[in-house]
Amino acid sequence: MPTGISIAEWDRRFASKCAALRGRYRGSYGRSEPASYLYPPSHWSSLGDTRLARLRYDPDPTSLALCSFLESQTERLHARARAGARVIAAMKDLGTVPAMLAAVPETVSFAADLAYMQPTTSEDPRFLQAAAERGLGGDFCDVRAVVGALSDGEYWPRPDLCTAAVGACCDDFSACMQSVAAMGLAVHFWELPEVGAEASAADAEFMERELQSLREGFEGSLGLDLSDARLTAGIREVNRLRALVREIRDLAYAPGAAPLPALECLLVEALAVDFGSDLEAATALLEDVAELCRRRVADGENALDPASVRLTWVTPAMDVCLQNLTEDLGARVAGTEYMLGHAFVELDESLAPLAALARAALDDPMIGSSARRARKVCEQAQRYRAEGVVLVSFFGASHCAWENRIIAEEVRDSLGLPTLILNEHSTGQEIPAQIRGRLAGFVEMIRARRAGRLLSAAEISVEGGTNAGGERSRVMPQCCDAGSDGASSGDIFERLEGSILEEISYAQEQQQAGHGLVGIYCEYTPREVILAAGAMPVCLCGFTPEMVEVGEQDLPGNLCPLIKSSYGYIKDRACPFFENADAIVAETTCDGKKKMFELIADRHPTFVLELTQKPDAEAAFTHWLSEVRALSAFLEKTLDVAITEEKLREAIRAMNRWRSRHLELYEFTRSDQVYMTGVERLLINQRIACTPLEDGLLDGVFAELRRRREAGETVAAPGAPRVLVTGVPIGMNVEKVIRLVEEAGGVVVVQEACSGIKPIYENVSEEGDPLEAIARKYFRLPCSCFTANSGRFELLDRLVEEFRPDVVLDVVWMACHTYNVESVLVRRWAQAKQLPFLKVETDYSTSDTEQLRTRIQSLMEMTRK
Amino acid sequence: VPRELPAALGLVPVFVDSCAVASGVAEVGETVGSDSCSFCRALLGASQAGAEWLRRLPLLIGGSACDQQRRLFESIGRQWDIPVHGFVVPRTRSENAFERYLCQLKDLVARLEGLSGTSLRPESLAKAIAQYRRLRLRLRELRERMRFSSFARLAAACFQLPVDVALELLEGAELPSRPGPPVRLMLAGSCATPTELEDLDDCLRELGAEVVADALPTLGALLEPAPGASCAALEEVARVWFDQPDPGTRPNEAWFEYIKSRADAVQAQALIYRCLRFCDLCSAEAVRLRETLAPLPVLVLDEELGAGKGAAARRRTRIEALLEGLRCPRA
């Protein structure tokens, strides 16, 4: 489970499974006899919908027919237009106009709105570019694709008339429709009124008059006959289809059975809007789909694990790969509010036809308040017993920006369900690792909730607030976020991108087994003492740009982003590690951090290690040692454990092994041939050190790196500049400098930083008093908060000898005063070593990426061998 | 929303939009997505941050001409538990749409009657219509005698006061006439905060130019409804308001014609079309507006503004370039 098959598998199966069915699945192409639309997905992929190659499909031929039917819609439209049918493009009503025209055979209609998916499925931005040329640029929702799709008569035939429903709906689309009119297409605008909690009689009368005006438009400008008799006949046919859609949804979304995957369900719902421009064929097809669902339910045959986490999905994602992903992550869709629920409301045949159409149109979830739409979402979640609600937010769509928070609030308040707001990614992109990670985290936490875990609905509800280019992660804690767009290769590195989820599960299991969870921030915190207390040390440093903004709600702007991001997670209660921590260990390294810790000290028992800052003074070490002893006492008391000498020695051995293992990784960058990139090295950093989970991951990494070495697969071109990165700690998501180096042809062979080799370079002595040995090792960590920090230069000297860098890159976070000032000394040191040197002062934003790229490219050019 | 209606019932309509301040954008936090218009965010942020008077309003009339405003009013109402009387001004201009608008105004009157404890009397409405008419005419007279930003402040203040008080203040005011500015500019586009208009005016003052007319929803549009002297009934005033040109009407050719005729009438040499990011209805029309004004001797400067302050220097550079362009004869 899930049992979906790939596009290639369909190719293999098609001849045996579907060829005989081609005659069954036939649609009207304007010729005398209907023709088959059934083809394998590769057929449609080869015609342009390249994303189909990435999807996984239900293995039943009926499901394939569903996909084929929608894919073949444009062909049918062109064929019908060539055969003389009047082409009607319906915009924004999502179901009303196609239902009006259902029994008018001289027309063929389609919902132009559905063009919004085309730039994703075809991975071709031309429609968006065409819209941008008309003034509808990147700040608009991708529904602007409709402008491009209607611009030249190629994708769709040029409509004889467009209908445009405006009023109490989204402005993006209203602007698009005006743009279509400005292109010279005939457009009949009609009004959608805002309705209250329930549509009133006055609303219905108004809507009926609007539909009457539409009817007159059809009759007047196109000479069509839209008599009541014809409308009634059409309504009867449409109701057959709508009843099937309703039945399929009930079968597919109800608990107990899972007869149809989310992707196919989405296609069924989409079909309700405009019937794929062929009502008769659509109805026949849906009868088969309904029968398939009935049969599977009766036979206990599931397309998915019925026990999957049940999610109500609000607003359809443009990238249907998300439907697959949801199921891959162990969830299933249980109820939807795709903004088209009114398209499968059965029309009241006891009313006059326009009155029936008006009533259904007033059920449009977009034309009321956000609270009204929220109620519809809650109805779906209740009806299908969802355990969580996912809300997709289209970048630039004004309604999403405003209503998603309200909907999430209503869902939490009225149903107590957790919510996740997912920002739709940019057209044509792969699903970013962050979206995958956030969705996975959400599913994981709902599963934990099932098991009566710690977090409440409000705590695990997560929101996103950035644009398509900057997807945010608020469920993930970050020593390293769940990874970015995956520049690494090899399955193990892909796994590492999402390994945080495994760590969350691991931490939960360990906590349930009685182990403590202790949050730490700095490499000065001796993990050995925490391990000796039977607890897990988890790094809580924040490397998520979007959390900086949250942190800035309390913290000053001119503070280092690492502190602001770390604090942002806590302020937003978005880090499950922190939320579930039993204790926090902080330290007095820089001023920003130590004051920030005061703001969070009321959340958990907190111990602040006072780090004295003169490393060469023996009195300073004596004080530090007393602090480490005090930490030990604090943990004993807080976790109610005894930290014995034996346990300390055991922890020292474990951590020494851990450090040695990590140090061994540098074998793959130390040599002339480099087998691991700097970005990959960052990925290996885990939040919880020294665990069996991490051991397993490291096994995988070593296996992959050895394989590369044996196969001679280096990650850098011959002559690529070898780069030593020094300075502040860097984590995934804010690894832009390292990534830029490697994109510019360099390779980061070693990073001298807390996120690099520094903390693992020296082990703890296994002789003498264990606490003193621990204190000694950590006190020798060379940080810029020390004065003087001669240890850093000693380490740099050794790294130059070992790794033979061609260039030194000093990375400084803005407002990190200690590293910033010390950079002058690093520059002098590099000059003395006759090594090219570049200091990069940046923050977590991407705004300076291109400037940095230029600078780094120049540096790489100059140092290329 | 015709201000005449609450005034006729003895209520003081307060123009909430004027409490939008740029700092509100930061205050708004994550109540709304960052991909929303900064004016709406500023207004919501102001309501969250410090506009105590806003929270004490007995009723928020949310007559919205855009989707974001509609949801903004809902958000403010939810946040502070303020009763909201919301309605959407129809986008189309059919008679059916007008009837809908009129019905909505009648519903509003009923709500206001409940709030004031009085019934709308025809003579009260006629008086309020006449007073606002005088107020607008007086403001238009003063318009030419003041710097743009001072006038914006004055107009905003007048629409915050009871109309009779505003009239008393204005009708006693004497301002000397001023020489015309060396460069005459027109301003159109999205809603603007008073602070932003002041910043723009300061910049223009230094560069020797001035805004002589605008079509901003938050300024020019307040002065534009021009009921005739005989206008006295709800239906008539509704018609005047309904017919206001707006980029969000569908179709919206009338708005282009309005801008064109206004630019022509005030002999504007250039038009600054300032759009807030994510203000869909205005942003979408930038290309067509430029095409519409092409036959006129009016240069067009498109500005896309975000909420940040960093745009000021860029704006100045662009305006300098515009003024340079004006000094060159057109090809």
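Our subject is the structure that appears above.
In what follows, the accompanying structure is described. Everything quoted here is computed from the prediction, not taken from an experiment. (Residues numbered from 1 in each chain as written. Chains lettered and ligands numbered in written order. Predicted model: local features only at pLDDT ≥ 70, side-chain atom pairs only at ≥ 80, totals over all residues. Heavy atoms only, no water.)

### Structural notes on the overall build of chain B
Then, in step 1: Scanning chain B from N- to C-terminus turns up 16 helices and six strands.
Then, in step 2: When each of the 331 residues of chain B is scored for burial, the buried share is 55%. (Helix = DSSP H or I, 4+ residues; strand = E, 2+ residues; numbered from the N terminus. Buried < 20%, exposed > 50% of the residue type's maximum accessible area, 1.4 Å probe, protein only.)

### Looking at the packing of aromatic side chains
Then, in step 1: For the coordinates displayed, the defined rule picks out 26 aromatic pairs over all chains.
Then, in step 2: Seen in terms of ring centroids, Y116 of chain A and F394 of chain A are 5.8 Å apart; in terms of plane orientation they differ by 40 degrees. Their pairing is tilted. Of this pair, Y116 of chain A sits in the loop between β4 (107–111) and α6 (118–121) while F394 of chain A sits in the loop between β9 (388–393) and α17 (398–415); the two residues are 278 residues apart in sequence, bridging distant segments of the chain. Like Y116 of chain A, the residue F394 of chain A is buried in the burial classification.
Then, in step 3: Centroid distance W813 of chain A to Y844 of chain A: 4.9 Å. Interplanar angle 75 degrees. Geometry classified as edge-to-face. With W813 of chain A in strand β17 (residues 807–813) and Y844 of chain A in the loop between β18 (837–842) and α36 (849–863), this residue pair connects regions lying 31 residues apart in the sequence. Note on accessibility: W813 of chain A and Y844 of chain A belong to one class, buried.
Then, in step 4: Taken together, the ring pairs in this structure connect Y524, F621, W624, F779 and F786 of chain A into an aromatic cluster.
Then, in step 5: In this structure, R100 of chain B is placed above the aromatic ring of F206 of chain A, and the distance from its NZ or CZ to the ring centre is 5.2 Å. (Phe/Tyr/Trp six-rings, centres within 6.5 Å; stacked < 30°, edge-to-face > 60°. Lys NZ or Arg CZ within 6 Å of the ring centre and 35° of its normal.)

### Let's talk about the pattern of salt bridges
Then, in step 1: As enumerated under the stated definition, the model contains 90 salt bridges over all chains in all.
Then, in step 2: Measuring nitrogen to oxygen at the nearest pair gives 3.0 Å for the salt bridge that ties R707 of chain A to E704 of chain A. Of this pair, R707 of chain A and E704 of chain A both sit in helix α31 (residues 692–711), three residues apart, which is roughly one turn of that helix.
Then, in step 3: Ionic pairing is found between E210 of chain B and R147 of chain B, a salt bridge with its closest N-O pair at 3.3 Å. A residue pair is termed long-range when its members are at least 10 positions apart, and E210 of chain B in strand β4 (residues 210–215) and R147 of chain B in the loop between α7 (122–143) and α8 (148–158) qualify at 63 residues. (Salt bridge = Lys/Arg side-chain N within 4 Å of Asp/Glu carboxyl O.)

### Here's the deal with the interface of chain A and chain B
Then, in step 1: Across the boundary between the two partners, chain A contributes 54 residues, which contact 45 residues of chain B.
Then, in step 2: Of the roughly 3,800 Å² buried between chain A and chain B, counting both surfaces, carbon and sulfur atoms make up 47%.
Then, in step 3: Across the contact surface, chain A and chain B share seven salt bridges.
Then, in step 4: With its nearest N and O atoms 3.3 Å apart, the salt bridge here joins E194 of chain A to R70 of chain B.
Then, in step 5: Elements with a minimum of two residues in the side of chain A that touches chain B: β5 (161–167), α9 (171–182), β6 (187–192), α10 (201–222), α16 (370–383) and α17 of chain A.
Then, in step 6: No other element matches the nine residues that α17 of chain A contributes to the side of chain A that touches chain B.
Then, in step 7: Class assignment for the residues of the side of chain A that touches chain B results in 23 nonpolar, 13 polar and 18 charged. (Contact = heavy atoms within 4.5 Å. Buried area = accessible area lost by both parts, 1.4 Å probe. Nonpolar A, V, L, I, M, F, W, Y, C, P; charged D, E, K, R; others polar.)

### As for the pairing of strand β16 (residues 747–752) of chain A
Residue and element names in this part refer to chain A.
Then, in step 1: Where burial is concerned, most of β16 is hidden: six out of the six residues are buried.
Then, in step 2: When strand β15 (residues 722–727) meets β16, the two strands line up parallel, connected through five bridges. Directly across from L724, in β16, lies its bridge partner V750.
Then, in step 3: At this point the chain moves from β15, through helix α32 (residues 736–743), to the parallel β16, and the crossover so formed is right-handed. (Pairing = 2+ DSSP bridges. Right-handed = clockwise from strand over helix to strand, strands pointing away.)

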